[in-house]
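# Results of the structural survey
These are the residues of each chain, in order.
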Amino acid sequence: MATATIVGHVKKKPLPAGLPREWYESHNRRLKAMRLAISLLDSGTYDARRATNRKIRTMAVRTGIRRPSNATCRMVRAFIRES
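A short tour of the structure in this document, coming up. (Residues numbered from 1 in each chain as written. Predicted model: local features only at pLDDT ≥ 70, side-chain atom pairs only at ≥ 80, totals over all residues. Heavy atoms only, no water.)

## A word on the packing of aromatic side chains
Worth spelling out the cut-off: Centre distance within 6.5 Å is the pairing criterion for rings of Phe, Tyr and Trp, where only the six-membered ring of Trp is used; planes under 30 degrees apart are then read as stacked, over 60 as edge-to-face, and the remainder as tilted.
Inspection of the entire model under this criterion finds one aromatic pair. Relative to Y24, the ring of W23 lies with its centre 5.2 Å away and its plane at 90°, an arrangement referred to as edge-to-face.

Pasting the structure below:
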């Protein structure tokens, strides 16, 4: 039988300074896509083909995340494929 481990609050570190703006944008996009992918997996969407843009955006509304772009939706599907 598998047991769940409880992970405490992770202390956030500030992002490194001096990087190009594109790095920060892609970093935040990856974080957003990962949060959405985890939410979809937790809700039972295990197949990337079933994770439509509409379903991803609905999950974003339900979890209080801003509406994702098409690029972020593609990234969410890529994360689900890899899991």
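So that's the structure; there's more coming.
## So, the packing of helix α1 (residues 21-43) against helix α2 (residues 53-63)
The criterion, for reference: Between N-to-C directions, angles cover 0 to 180 degrees, with each direction set by a line fitted to C-alpha atoms, over the stretch in contact for helices. Helix and strand assignments follow DSSP, with helices taken as H or I runs no shorter than four residues and strands as E runs no shorter than two, numbered in order from the N terminus. Any angle from 65 to 115 degrees is called roughly perpendicular, while one under 35 is roughly parallel, one over 145 is roughly antiparallel, and all others are oblique. We call two residues in contact when some of their heavy atoms are within 4.5 Å.
In the contact formed by α1 and α2, the axes pass within 10 Å of each other and the chain directions differ by 95°. Between α1 and α2, the crossing angle belongs to the class labelled roughly perpendicular. On α2, the residues that touch L36, S39, L40 and S43 of α1 are K55, I56, M59, A60 and T63.

## So, α1
Just so we agree on the cut-off: Helix span, as expected, comes to 1.5 Å for every residue beyond the first. Residue burial is assigned from relative accessible area. The probe radius is 1.4 Å, only protein chains are included, and a residue is buried under 20% of its type maximum, exposed over 50%, and partly exposed in between.
The end-to-end C-alpha distance of α1 is 33 Å, a good match for the 33 Å that 23 residues give at a rise of 1.5 Å each. All of the buried residues along α1 are H27, K32, A33, L36, A37, S39 and L40. Close packing links the buried residues of α1 with α2 and α3 (70-82). Positive phi shows up at G44, right after α1, with a value of about 105°.

## Description of the packing of α1 against α3
Here is the rule we go by: Note on convention: near helix rotated counterclockwise from far helix by under a right angle means a left-handed crossing. Clockwise means right-handed. Residue polarity follows a fixed list, in which Ala, Val, Leu, Ile, Met, Phe, Trp, Tyr, Cys and Pro are nonpolar, Asp, Glu, Lys and Arg are charged, and the others, Gly among them, are polar.
Viewed as axis vectors pointing N to C, α1 and α3 meet at an angle of 55°, and their least axial separation amounts to 8 Å. Between α1 and α3, the crossing angle belongs to the class labelled oblique. Pair α1 / α3 crosses with right-handed handedness. The segment α1 lies against α3, with R29, R30, K32, A33, M34, L36, A37, L40 and L41 engaging A71, T72, M75, V76, F79 and I80. Across the contact of α1 with α3, the residue classes break down as 11 nonpolar, one polar and three charged.

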